[in-house]
Amino acid sequence: MKPKKQSSLSRILGYAGGHKNLTLLGCILSALSAVLGLIPYVCVWLAARNVLKAWPVPGGTSGLARWGWLAVWTAIGSIVLYFAALMSTHIAAFRTARNIRRTAMSHVLKLPLGFFTGNQSGRLRKLIDDNAGLTEDLLAHKLPDLAGTLVTPAAAIVMLFLFDWKMGLLCLLTMALALLSMCLMMGGKNAGFFHRYQKEIERMSGEAVEYVRGIPVVKMFQQTVYSFKAFYAAIQDYSDLASQYAMSCRVGQTCFLTFINGAFALLIPAALLLASGGNVRVVLVNFIFYALFAPACGQMINRIMYMSEAVMEADEAVGRLEEILGQAPMEEAKEQKRPVNAEVSFDHVTFTYPGADQPALDDVSFTVRPGQVTALVGPSGGGKTTAASLIPRFWDTDSGNVLIGGINVREIDTEVLMKQVAFVFQDTRLFKESLLENIRAARPDASREEVLSAAHAAQCDDILEKLPQGLDTVVGTKGVYLSGGEQQRIALARAILKDAPIVVLDEATAFADPENEQQIQKAFEALTKNKTVLMIAHRLSTVQDADSIIVLSDGKIAEQGSHKSLLAQHGVYAAMWEDYQRSARWKVGDPARGYLNAQHPGQD
């Protein structure tokens, strides 16, 4: 039998721990406060009845003080109880939100590193932080209000029919019509609004973070309009969604506000009709009571609306959080082993990205010998980066094994595995810290001298010389930014400091200008000396000296061998080499002719 799915409130309270009782106490106190809050209306009715009954005889209103003080003390009691209720629920809400954030972050730390390549940091922050914040509002405010709202309707209905059932029926009719308007407004095509709304907010948040992070590069290459397109599109889609929702609620919201505020307009003609055929004093007393009590009923309906919105938001927030919590964590090795050497082997590896239909790698086998350089080349989407990311367990294989030193990477402790591999990717990210801490991130216990030595080996001397505080300069503050090639050299210094036996280079010169590329190549020599190197490159000139070249196409190995042997095969690699050579010979032609022409060597 399929287990019954828990409500969003039950799932949220599951994170409350020992503070769940505080939430319950807050709801009980709020319900008592709501009941006490109704008593002053009765006191007003009793006081008005005494006044009108004694009028015009003086001295017949001796009971007014008693009803007045009772109204005051019950009102004060209601306020005190509500304050205590909110104190209890706020404490519980803050602790619950903290526990949600802790749980989510603890789970995120156990996820494969590949999870973060497909999820923008802005989106993750929105999922965890903002959605946890939505649960705070529900538990701190809306849940105690819900408890009061559930108690007061029964008491309110009794009070509506206690004095004059006809006027009570009119008030109840406006309440029912207001509730109906609210249900129609929030149902139908608007029922899934909060799900779409949260998705657009996450998208906009993610694009905003990526846009702001890329501003220095954007300004450098003057691509402002193009880089803003994705962010602008996210803003526009969010604006369109919010506008459509607002327009679709026009009629429902108008009717809702009309009905909850329209009871008074119905009570006046009803009172006049009743007074014309009955006791004017009794009708006037009842009118005073219903004229005061009807707005309180409207406020109660308003609370129901806001409470229902909060429940929908919380339900959506829990669902979004469980998108992360539902991700399978990386399995830690039960029997942890250590590699005996730095040999990397792929043994019939097949891997498909989550949600994809076709495998990114299909039955791939190759070996990178210790101390040798192996290059992965091929068309975009061929599986090169995927293969490299499986070595440090960014993802786990669907079938087959990735081995380091003869040991399956699944059987190597994560900390040990990370010490075995240093990787430099084309998309380098630096922390908003000093260059010293950015480089030292590879080995936190490294001394300043060791960091300086690694920076020198990575050809970073010119970078340190031009910065105001050298190695202690904080990246990202006071206009201090580095070009793509300079960031890459800092990343190489980080990898050199780590001194791992296996080095993975994924398009490490992709964003480097010719001057930076020359220095990066020198840094490569220091980084890769006596190391097992797996290099991914589109510029075939950087891999022609590799010990082995593997051509990946559509997730499979098309060819494998040295540069010379692959050229002799006249296959995929030879065709790629010819295309590369042809593109390298393209140059700007005679400005007077105004077009590009290809010239062969010797004709320059």
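Calculation rules
- Residues numbered from 1 in each chain as written.
- Predicted model: local features only at pLDDT ≥ 70, side-chain atom pairs only at ≥ 80, totals over all residues.
- Heavy atoms only, no water.
- UniProt positions renumbered as here; feature names shortened; annotations may be inferred.
- Helix = DSSP H or I, 4+ residues; strand = E, 2+ residues; numbered from the N terminus.
- Buried < 20%, exposed > 50% of the residue type's maximum accessible area, 1.4 Å probe, protein only.
- Contact = heavy atoms within 4.5 Å.
- Areas by Shrake-Rupley, 256 points an atom, 1.4 Å probe, with all protein chains shown as cover.
- Core = buried A, V, L, I, M, F, W, Y, C linked by side-chain atoms within 4.5 Å.
- Salt bridge = Lys/Arg side-chain N within 4 Å of Asp/Glu carboxyl O.
- Pairing = 2+ DSSP bridges.
- Axes fitted to C-alpha atoms, helices over the stretch in contact; angles between N-to-C directions.
- Phe/Tyr/Trp six-rings, centres within 6.5 Å; stacked < 30°, edge-to-face > 60°.

- Looking at an unreviewed UniProt entry, one finds the chain named ABC transporter ATP-binding protein/permease and attributed to Candidatus Blautia faecigallinarum.
- Of the comments in the UniProt record for the chain, the one headed Subcellular location (unreviewed entry) reads "Cell membrane".

1. Remarks on the overall build of the chain
Thinking step 1. Of the regular secondary structure elements, the chain holds 22 helices and 12 strands.
Thinking step 2. Taking all 604 residues of the chain together, 44% fall into the buried category.
Thinking step 3. For the chain, the proportion of contacts with a sequence separation of at least 24, taken over those separated by at least 6, is 76%.
Thinking step 4. When the accessible surface of the chain is summed, it comes to about 31300 Å², and 60% of that surface belongs to carbon and sulfur atoms.

2. Re the environment of C249
Thinking step 1. Secondary-structure assignment places C249 in the loop between α10 (224-248) and α11 (250-261).
Thinking step 2. Sequence-wise, C249 and L184 are 65 residues apart; in three dimensions their C-alpha atoms are separated by 9.2 Å.

3. Observations regarding the environment of V108
Thinking step 1. Structurally, V108 is set in helix α4 (residues 64-108).
Thinking step 2. For the pair formed by V108 and A328, sequence separation is 220 residues and the distance between their alpha carbons is 9.8 Å.

4. Some words on the nonpolar core
Thinking step 1. With 47 residues, the main nonpolar core has L492, L505, V543 and Y573 as its most contacted residues.
Thinking step 2. Discounting chain neighbours no more than four positions away, the residues touching L505 are V424, L492, F524, L527, T528, V533, L534, M535 and I536.
Thinking step 3. In terms of nonpolar packing, the next biggest core, distinct from the first, is built from 31 residues, I404, I407, I502 and I550 among them.

5. Thoughts on the pattern of salt bridges
Thinking step 1. The final tally for this structure, using the stated rule, is 12 salt bridges.
Thinking step 2. For D472, the salt bridge is made with R448, and the minimal N-O distance between the two is 2.9 Å. Remark: R448 occurs in helix α17 (residues 448-457) and D472 occurs in the loop between α18 (461-466) and α19 (484-498); sequence separation between them is 24 residues.

6. Side note on the sheet that holds strand β1 (residues 344-351)
Strand-to-strand pairing in sheets goes through backbone hydrogen bonds, with the strands running parallel or antiparallel.
Thinking step 1. One open sheet accounts for 4 strands, arranged β2-β1-β4-β5; its pairing is antiparallel. Pairing within the sheet leaves two strands with one partner each, and these edge strands are β2 (361-368) and β5 (407-408).
Thinking step 2. Across 5 bridges, β1 lies against β2 in antiparallel orientation. Across the sheet, V344 pairs through a bridge with V368, a residue of β2.

7. Concerning the sheet that holds strand β9 (residues 548-553)
Thinking step 1. Reading across from one edge, β6-β7-β8-β3-β9-β10 is the order of the 6 strands in this open sheet, with mixed pairing throughout. At either margin of the open sheet sits one strand with a lone partner, and together these are β6 (421-425) and β10 (556-561). Pairwise comparison of adjacent strand axes, ignoring direction, gives a mean angle of 15° for this sheet.
Thinking step 2. When strand β3 (residues 373-377) meets strand β8 (residues 532-536), the two strands line up parallel, connected through 4 bridges. Looking across to β8, one finds that L376 is bridged to I536.
Thinking step 3. Strands β6 and β7 (502-506) of the sheet are contacted by α19, whose axis makes an angle of about 175° with β6.

8. Here we look at the packing of aromatic side chains
Thinking step 1. Using the criterion set out here, one finds 6 aromatic pairs in the structure.
Thinking step 2. Between F351 and Y353, the ring centres sit 4.9 Å apart and the planes meet at 80°, which makes this aromatic pair edge-to-face.
Thinking step 3. Judged by relative accessible area, which is 2%, F351 ranks as buried.
Thinking step 4. Here F351 and W395 contribute two aromatic rings whose centre-to-centre distance is 6.0 Å and whose plane-to-plane angle is 35°, an arrangement assigned as tilted. Of this pair, F351 sits in strand β1 while W395 is found in the loop between α14 (384-390) and β4 (399-404), placing the two residues 44 residues apart along the sequence.
Thinking step 5. Exposure remark for W395: the relative accessible area of 15% places this residue in the buried category.
Thinking step 6. Taken together, F351, Y353 and W395 form an aromatic cluster joined through their ring pairs.

9. Some details on the side chain of R440
Thinking step 1. Note on placement: R440 falls in helix α16 (residues 435-440).
Thinking step 2. Taking the relative accessible area as the measure of exposure, R440 reaches 17% and is therefore buried.
Thinking step 3. Apart from residues lying up to four places away in sequence, R440 is in contact with A446, S447, R448, V451 and L497.

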